[in-house]
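One letter stands for each residue in the lines below.
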Amino acid sequence: MDNLLVGKAHGDLSGRNILVPSKPVVQADKFELIDYDHYAEDAPLARDPMHLLVALALDDFEHVRSEGEDLIKVIINPHQAGMSGYARQFQEISRAVHEACAASFPARDLDDLWTPQCLLTLVGVALLRIGRTITAPDPDLARRWCYNLATAATERYCNQYDGTRSLNNPPAVDRPEIVDRYFEQEALTYRLAYGPFGVLSVQGRPGVGKSKLVDTVIRRLGGERRLIRRQTAPGYPLDVHELVELIGGRSADIAGGPGAALVRLESVLAEVREPVVIAIESAEQLLDPDAHRLLDLGMDEAFIMLNSDEDHRVSVVLEGPEGGVLAATESDQEPVRLHGLNFDHFVELLGRIDPGSRLNLKDLSTDECYELWRYSDGIPRIGELLYATVCQANVPLRALLEGLREHPHEPTAYLIRTLIDGMHPLRRKVMRALAVLGVPVPVRAMQETLGEVQPEQVRQSLGNLRADRLLRLESELFFLPGADARVILDQMPEEDRRRLSSAAADALERCAEPVPGNLADLRYHLAQVRALLRAGAFPLALQVMESIDRHLRAWNCTSVLLPYRMAVRGRLDSSALEKNNENELGGIYLALGALEDARGAYDCALTLAGTDAEPKVLARLHANLATVNLQSNYVEKARTGHEDALQRATEADDPIAAMGAMNGLADCHRSRGEYAKAIERATEAFELFRSAGFAALAEADVEGRSLAVGLAVRLSRWHAEQADLVMARKWLEEVRAIAEDTDAWRAAYLDTLADLNLYDGLRTGMVDEVIKTAGRAVDLALKVQDRQTLLQARQTLCVAHLRAGRLAEAAKSISRAGWHRPPGRHLVVLALEALTRRLIHDHDNAKDLFKKLQKEAGDRITKDTGLSVMPGTMVQVGRADFGARHLQGFALCGLVLAGRAEMASAVTSFRMPDVANPPYVPGLVERMVFMLERLDESAPQPGILQPAIDALRGA
C-alpha cells in the first residue's frame, strides 16, 4: 500500500494488557503495557487500535451475540447513524480510539490516510482471530462474527477507496434503507443497466430521497460497474476536467487551451470499455441561477457529447429539483421523478428513523398523524428533522405539529429555525459554523472557526449531531445539506454572521491545497472567497480570486469565478482593481459565449482605465473588445478596435500586441472577402516575427511563435481559397518550419496540408492521402488537446469521405466536429452535418439542421453593417459577409428540397445583389459547388439545384 503509516506497535493490544493506575484516582494518561511478545518497531500503526477494538468487543460476548451486526457497523464506521443500546455506547469507544489516533498525527493531512488503513487492518485482525483459540462461550459464533467483520471492512474499503472513487471525491454516505420507490428503482436500474447511456436525471424536491434512490440502485447493480458519487456545493461544482478523471479512473492532464478538456473527454470515452456510473448530488449547483445555463459551457458540450456518442457505457446521473440542470442541457431523456411518500410509507419511515420511540408517535391520533404527513408532503428529510428537533430541542411532536399548522408552506425552514433556537448553545454554534463554512470540512477547520470552544467539545458535538442526522459525514469531512445551511445563514444576526464568516475565512485558508491539481482542490479557496464576501471584505475576496486565477486560466475554468467577481463589482474602492476585475469579467463572458455581457465589461474596463493609461494596457483592452466584436460579427467595430489596439501597441513598442492586432485586422478583411488587404496585413504581422530582435522578447518563444503559426496557416488557406496553390504551399512550408519540433503546431500543419491537398482531391477523386493526413492531424490534435484543429481536420475528413462515397464515415466525422463548434461560428460544419443527414436519409434531422443554418447565417449577415469608417467620413460599402451568404444559400437549397423554401431565394443569396463588388473566391466556390452537387443527388429529380450552382459560379 502507498503511504503506509508504520512505527512501533505492541502487536497484541487488548483490555487485558493495559494497566491503568486507579488509586487514589484513575490516571488514564499514566498507563503501562505488558506482554510484549508481538512487539515490532516497523508495524502498521493501525494494528494496535483495531486489535484493541476487536478484543474489547469480544470480551463482552453477550453483546456480540445480541448486537453483533451493529457492533461491526460502529467499529468500521465510528460515525454510523441510528445506533442505540450497547452499540451506541461502544460507538463512543470506537470514535474515541479513531479520533485520538487521527489527532496525534504531526503532519498535515496524514489523518486522510488513516481510515483506509484502519479498514484493511481490521480485515487482517479479524481473520487472524478466526485462526486463534477463542475462549468465548460460543467460539463458532465468535469466529462467524469475526468473519462478518472482515467482510464488512473489505466491502467498505472497496466501496470507498479501491478504484470506485476519483481523487478528492467523497464516497456515498451511509443512509437508512429506502422505503417504497419500487417503480422508480426499476426505471433507474433499467437505464443504468441497459441504456440509453449518457446523461440522465433523478428529480424531486430537496430531501425527497433522490440520493437514497441512486444509492439503492447502485447497490442493486453490484460490482459489475465502476460507481462514483460526487457531491456538489457552491464553489465546488463539477467541471469537464474532473469529469474526465471520474470516467477514466485516473488523474488527467490539466494543461491545454480552450476546449482541451472536451478533447480529453472524447479520448477517454473511446478508451473506457467498462460500465461507469457517476452520480452527481445537488446537480443544481452546476447551473447559473440567473441565466439558467450551465456555469461551465464546456459541461454543456460534454453532456451533448455523452448523449450523442453511442460507443460508450458511461452514465452521469444528475440529482436535482424538477426541471433543473437536465432542462438546461436540452436532453430529450425522460427523468426519473420522485414525489413524497404516501401516508403509510411515511409512518413506516418515521419508525425506522426512531427505533427508540423518542418521537412518541403513538401519542398522536390517527388524524394528527395524517395531518403531520400532509404538512410534511411525505418528504423523508422532514421526517428526519422532526426526529432531530424532538431530540435536540426537546420540543414535543404535538407542539411541532401545531407549528407546522402555522407555517404550512415552509415546513423545512420552520423545523430548522425551531431546532436551532432550542438546541444546546454549543451545538447551535457548531451548526452555524458549518453553515458559514459552506463546504465539507475536516474537524480541525471547525475547531479553528470556533476558537473559543474546546476542541474535544467540538468533536463531541459533531458526533452527536451526526448521530441525529443533522449533518453529513463523508470521508472524514463534515457538512450540512445545502438547503439547511441557507436557512441557518438567513436566521443568523448580521453581526454574528460577519464575525463567524471572518473566522471561517481564516480556517479555510489553512485548509486550502497549496498546489491544486484540479478544480476540486480549489473548493476551500472558493469557500474562503464566499466567507470573505459575507464578512464584507471585498478587496480580500478579490485577492484570493486573483491567487487562483492562473490555475483556472490554465484549466479553462475561469467561469467558476463569475458569481464572485460579480459580487465584488463596484465594491472595491479602487478604480485600478475595478478595471482589472471588469477585464477579467469580459474574458469570462467571452469564454461563455455571452458576447453582449463581454462587450459591456470590456467597455467598462476601458472607461475605468481612462485615455491616459499606459499604451500597452490600452492596446490589450482595445484588442479584447475588438475580439468580442468580431466574434459577434460586428466587423466594422472589430476593425476600428484592432486599429486602435495597433496604434497603442506601436506606441508601447509591443510587437506581440501589434502582431495580435494585425491578425485581428486580417480576419476582419477576410470576412468581407477583401483578400488583398487581409493577406497584406497578415504578411506584415508575420514579418514582425521574422524581424531582428524579436526572438529576444520574453513572450516570443511561446506567444510569438503561436501567433506566427496562426498567421502562416491563415495565409496558406487564404491563398488556396484564391486558387493560388503555389503561394499556399509556400506558406505551408513556413508552418512546417516553425512547427517541426512542437506537436501542437504540427497538428495545425497536418490539418492545413490535408485541406490543401483536398483541392486536388475533389477534382481527381484521389482522396486516400487526404484522409490519411487528416487522420494524423486528428490523432495529434487529440494528443495535444487542440480543439480548433480537431474541428477543422474532421471537417476535411468529412468532405474527403463524401468524395469517396463513404457516407457513414462522413456523417460520423462531421458529427464529432460539431461537438467543438461554438454557436454562430464555423457554419460550414453545420452545413456538412445537414448534408450528411440528408444523404443518409435522415430527412427530419436534416431539415432541422438546414433551418438552424439559415438562422445562424442570417444572424451573421444582419450584424455586419458593411460600413467602413474613415477619419471624418463614413462610407457605405454594403453588407459583405460573403461566407455567411454562401451558407445561407446552401441552407435555402436544403429547405427547397424539404419543400420549405423557394429556389429564387437561394439564387439571390448566392448572387449577393446587396453587396458592393461581391468577391469571387474560386477555391471556396468549387468546394461549395461540390456540396451542392452532393445535395442535388438527394433530390427527387436530379438537377433541381442547378440554378443555385450557376448563381454561385456567377453564370
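Predicted model, so just to flag it, every value in this text is computed and none were measured. (Residues numbered from 1 in each chain as written. Predicted model: local features only at pLDDT ≥ 70, side-chain atom pairs only at ≥ 80, totals over all residues. Heavy atoms only, no water.)

## A word on the overall build of the protein chain
Tallying secondary structure elements over the protein chain gives 42 helices and 15 strands in all. Residues counted as buried form 56% of the 955 residues belonging to the protein chain. Across the protein chain, contacts joining residues at least 24 apart in sequence account for 69% of those joining residues at least 6 apart. For the protein chain, the exposed area adds up to about 40,200 Å²; of that, 51% sits on carbon and sulfur atoms. (Helix = DSSP H or I, 4+ residues; strand = E, 2+ residues; numbered from the N terminus. Buried < 20%, exposed > 50% of the residue type's maximum accessible area, 1.4 Å probe, protein only. Contact = heavy atoms within 4.5 Å. Areas by Shrake-Rupley, 256 points an atom, 1.4 Å probe, with all protein chains shown as cover.)

## So, helix H20 (residues 482–491)
Asp484, Ala485, Val487, Ile488 and Leu489 are the residues of H20 that are buried. Buried residues along H20 sit against helix H14 (380–393), helix H16 (411–422), helix H17 (425–437), helix H21 (494–511) and helix H22 (523–534).

## With respect to the nonpolar core
Membership of the largest hydrophobic core comes to 128 residues, with the highest contact counts inside it found for Leu188, Val441, Met446 and Leu462. Sequence-distant contacts of leucine 462, defined by excluding residues within four places in its chain, comprise Val430, Leu434, Val443, Met446, Leu471 and Phe478. One finds Ala619, Met659, Phe686 and Trp718 within the second-largest nonpolar core, a separate group that totals 111 residues. (Core = buried A, V, L, I, M, F, W, Y, C linked by side-chain atoms within 4.5 Å.)

## Comments concerning the pattern of salt bridges
For the structure shown, the criterion picks out 52 salt bridges. Residue arginine 639 pairs with glutamate 643 through a salt bridge whose shortest N-O separation is 3.8 Å. Taken together, the residues arginine 639 and glutamate 643, both in helix H28 (residues 635–652) and 4 residues apart, mark about one turn of the helix. Assessed through its relative accessible area of 11%, arginine 639 is described here as buried. Between arginine 934 and glutamate 937 there is a salt bridge; the shortest N-O distance is 2.6 Å. (Salt bridge = Lys/Arg side-chain N within 4 Å of Asp/Glu carboxyl O.)

## So, the sheet that holds strand E7 (residues 276–281)
The sheet built from 5 strands is open, its strands ordered E6-E7-E10-E5-E11 with parallel pairing. A single partner strand is all that each edge strand has here, and the edge strands are strand E6 (226–231) and strand E11 (336–337). Bridge analysis of E6 against E7 gives 6 bridges, and the strand direction is parallel. Bridge pairing in E7 places arginine 229 opposite alanine 279. Helix H7 (residues 210–221) rests against strand E5 (198–203), E6, E7, strand E10 (314–320) and E11 of the sheet, and its axis sits at about 155° to E10. (Pairing = 2+ DSSP bridges. Axes fitted to C-alpha atoms, helices over the stretch in contact; angles between N-to-C directions.)

## Things to note about the environment of isoleucine 76
With respect to the element layout, isoleucine 76 can be found in helix H2 (residues 61–76). In the structure, isoleucine 76 is positioned 81 residues away from tyrosine 157 in sequence and 9.5 Å away in space, judged by C-alpha atoms. Not counting residues up to four positions away in its chain, the partners in contact with isoleucine 76 are Leu119, Leu122, Leu149, Ala152, Ala153 and Arg156.

## Details of the pairing of E6
Counted residue by residue, E6 has 6 buried out of 6 residues, so it is predominantly covered. What you see with E6 is no split at all: Arg226, Ile228 and Arg230 on one side and Leu227, Arg229 and Gln231 on the other are buried throughout.

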